[in-house]
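Read off the chains here:
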Amino acid sequence: MNILIIGTNDAELALLELCLKSKFLDKIYTASSEPLDGIPNIEYSNYEELAKKSRALNIDIALTANKKLLKDGITDELKRFGVNIIGINKKWANLDSRIISKNLAAHYSINVPEIIKAPVTFPVVLKTDLPESTQIAESVSDLIEKKEKLVGKKNFLEEYLQGEIFYLLSLWDGKNIVSFNPQQVLTEVQQDRLELYKTKLNFMLSDEKADFTGFLTSKLLWTRNDWYLLEYIIYPSVQTSLN
């Protein structure tokens with residue numbers, strides 16, 4: 001199998017490392033402004049040129065974890081030019097909006113922390129809509145001070161929950177989802193509840209007609225004897241290995 005890794009940031013380097021260990025790998029290439037020693041690099045000025053060069057090299061699968069490229073629509077464009085790429089498409093890249101993802105998940109009965117309009121008790125969690133900042137406000141004065149530093153950035157408050165954080169890496173193929181359990185050892189109850197979460201996630205993507213093949217990471221909190229979704233991460237969080 002010939003694989004193309006688009007970009008060389010930390011997430012793509014992790015993908016590269018995993019692919020190099022795969023028994024299915026024949027050749028591997030990168031397409032990056034920062035080429036790596038010993039790895040052939042494809043230079044391109046637009047997605048059509050990248051697609052033509054990929055087809056000429058008989059690339060079987062292209063992978064990218066670059067949020068900027070995903071939001072720019074690289075998945076949609078390379079597919080349009082006939083390249084098999086694993087990556088979330090432009091529409092679903094907006095899942096990194098915490099408010100959009102929270103409302104969508106809640107619609108499918110996935111537990112999410114409650115949004116707070118006017119806090120009465122503290123602490124509370126102050127988040128930017130895009131995953132740039134998450135802060136704990138311990139009092140009204142602390143909240144005011146922290147919000148002043150976020151002027152110009154959409155933000156919201158949610159209830160403060162305590163628990164252990166887990167990352168669930170999933171691969172959606174356009175019809176079904178394959179998920180890889182977190183690295184942590186799960187109890188029987190946690191595993192049972194996680195299977196229910198996976199079922200809900202699969203139904204959500206199917207019902208919303210998610211027309212892409214790509215990775216999606218769920219940032220989950222175990223609390224109140226159940227899983228709560230904190231946010232979706234639209235690029236691979238490497239918590240497992242490719243065999």
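Residues numbered from 1 in each chain as written. Predicted model: local features only at pLDDT ≥ 70, side-chain atom pairs only at ≥ 80, totals over all residues. Heavy atoms only, no water.

Q: Teacher, can you tell me more about the overall build of the protein chain here?
A: Counting its regular elements, the protein chain contains 7 helices and 12 strands. On C-alpha atoms alone, the protein chain measures out to a radius of gyration of 20 Å, which is about the 18 Å that the 2.2 N^0.38 rule sets for 243 residues. By principal-axis analysis of the C-alpha atoms, the protein chain measures approximately 60 × 45 × 35 Å. Within the protein chain, buried positions represent 49% of all 243 residues. The long-range share in the protein chain, meaning contacts at least 24 apart out of those at least 6 apart in sequence, stands at 64%. (Helix = DSSP H or I, 4+ residues; strand = E, 2+ residues; numbered from the N terminus. Rg over C-alpha atoms; globule rule 2.2 N^0.38 Å. Buried < 20%, exposed > 50% of the residue type's maximum accessible area, 1.4 Å probe, protein only. Contact = heavy atoms within 4.5 Å.)

Q: Where do I start with the sheet that holds strand β4 (residues 85-86) in this structure?
A: Strands pair in a sheet through their backbones, by hydrogen bonds, and they do so in one of two ways: parallel or antiparallel. Pairing within the open sheet is parallel, and its 4 strands lie in the order β2-β1-β3-β4. Either end of the sheet is taken by a strand with one partner, and the two such strands are β2 (27-31) and β4. Here strand β3 (residues 61-64) runs beside β4; their pairing, made up of 2 bridges, is parallel. Considered in β4, the bridge of Leu 63 is made with Ile 86. Sitting on the sheet, helix α1 (residues 10-20) touches β1 (2-6), β2 and β3, and the angle it makes with β1 is about 165°. (Pairing = 2+ DSSP bridges. Axes fitted to C-alpha atoms, helices over the stretch in contact; angles between N-to-C directions.)

Q: Even after reading the chapter, I still don't get the confidence of the model for the protein chain, so can you show me in this structure?
A: Low pLDDT means the predicted coordinates in that region are not meant to be read closely. The predicted model of the protein chain has a mean per-residue pLDDT of 92, with 96% of residues at 70 or higher. This model gives residues 236-243 a pLDDT under 50, and the stretch forms 22 contacts once residues within four places in sequence are excluded. (pLDDT = per-residue confidence, 0-100.)

Q: In this structure, what is going on with the side chain of Glu 159? I would like to understand it.
A: Mapped onto the elements, Glu 159 comes out in strand β8 (residues 155-159). By relative accessible area, Glu 159 is classed as buried at 14%. Among the polar contacts listed, one links the side chain of Glu 159 to the backbone nitrogen of Glu 114, at a separation of 2.8 Å. Reaching out from Glu 159, the side chain makes a polar contact with the side chain of Arg 224 at a distance of 2.9 Å. Not counting the four nearest positions on each side in its chain, Glu 159 is found in contact with Val 112, Pro 113, Glu 114, Ile 116, Val 125 and Arg 224. (Polar contact = N/O pair within 3.5 Å; in protein donor to acceptor, adjacent residues only side chain to side chain.)

Q: Where do I start with the side chain of Thr 64 in this structure?
A: Its place among the elements puts Thr 64 in strand β3. A distance of 2.9 Å separates a polar atom in the side chain of Thr 64 from the backbone oxygen of Ile 6. Here Asn 66 takes part through its backbone nitrogen, which lies 3.3 Å from a polar atom of the side chain of Thr 64. Contacts of Thr 64, omitting those with residues within four sequence positions, involve Ile 6, Glu 12, Leu 69, Leu 70, Ile 74, Ile 85 and Ile 86.

Q: Help me out: how do you make sense of the packing of aromatic side chains in this one?
A: Ring pairs (aromatic) are described by centroid distance and by the angle formed between their planes. Per the stated rule, a full pass over the model turns up 4 aromatic pairs. Ring geometry for Tyr 108 versus Phe 203: centroids 5.8 Å apart, planes at 70°, classification edge-to-face. Within this pair, whereas Tyr 108 is found in the loop between α5 (98-107) and β5 (115-116), its partner Phe 203 is found in helix α7 (residues 188-207), the two being separated by 95 residues in sequence. One aromatic cluster in this structure is built from Phe 166, Trp 222 and Trp 227. (Phe/Tyr/Trp six-rings, centres within 6.5 Å; stacked < 30°, edge-to-face > 60°.)

Q: I keep staring at the sheet that holds strand β11 (residues 214-223) and nothing clicks. Help me out?
A: Judged by pairing direction, the sheet is antiparallel, and its 4 strands sit side by side in the order β10-β9-β11-β12 without closing on themselves. One side of each edge strand has no neighbouring strand; the edge strands of this open sheet are β10 (177-180) and β12 (226-233). Across the sheet, the mean angle from the axis of one strand to that of its neighbour is 35°, orientation sign disregarded. In terms of strand pairing, β11 meets β12 through 7 bridges, oriented antiparallel. Along β12, the bridge assignment pairs Leu 220 with Leu 229.

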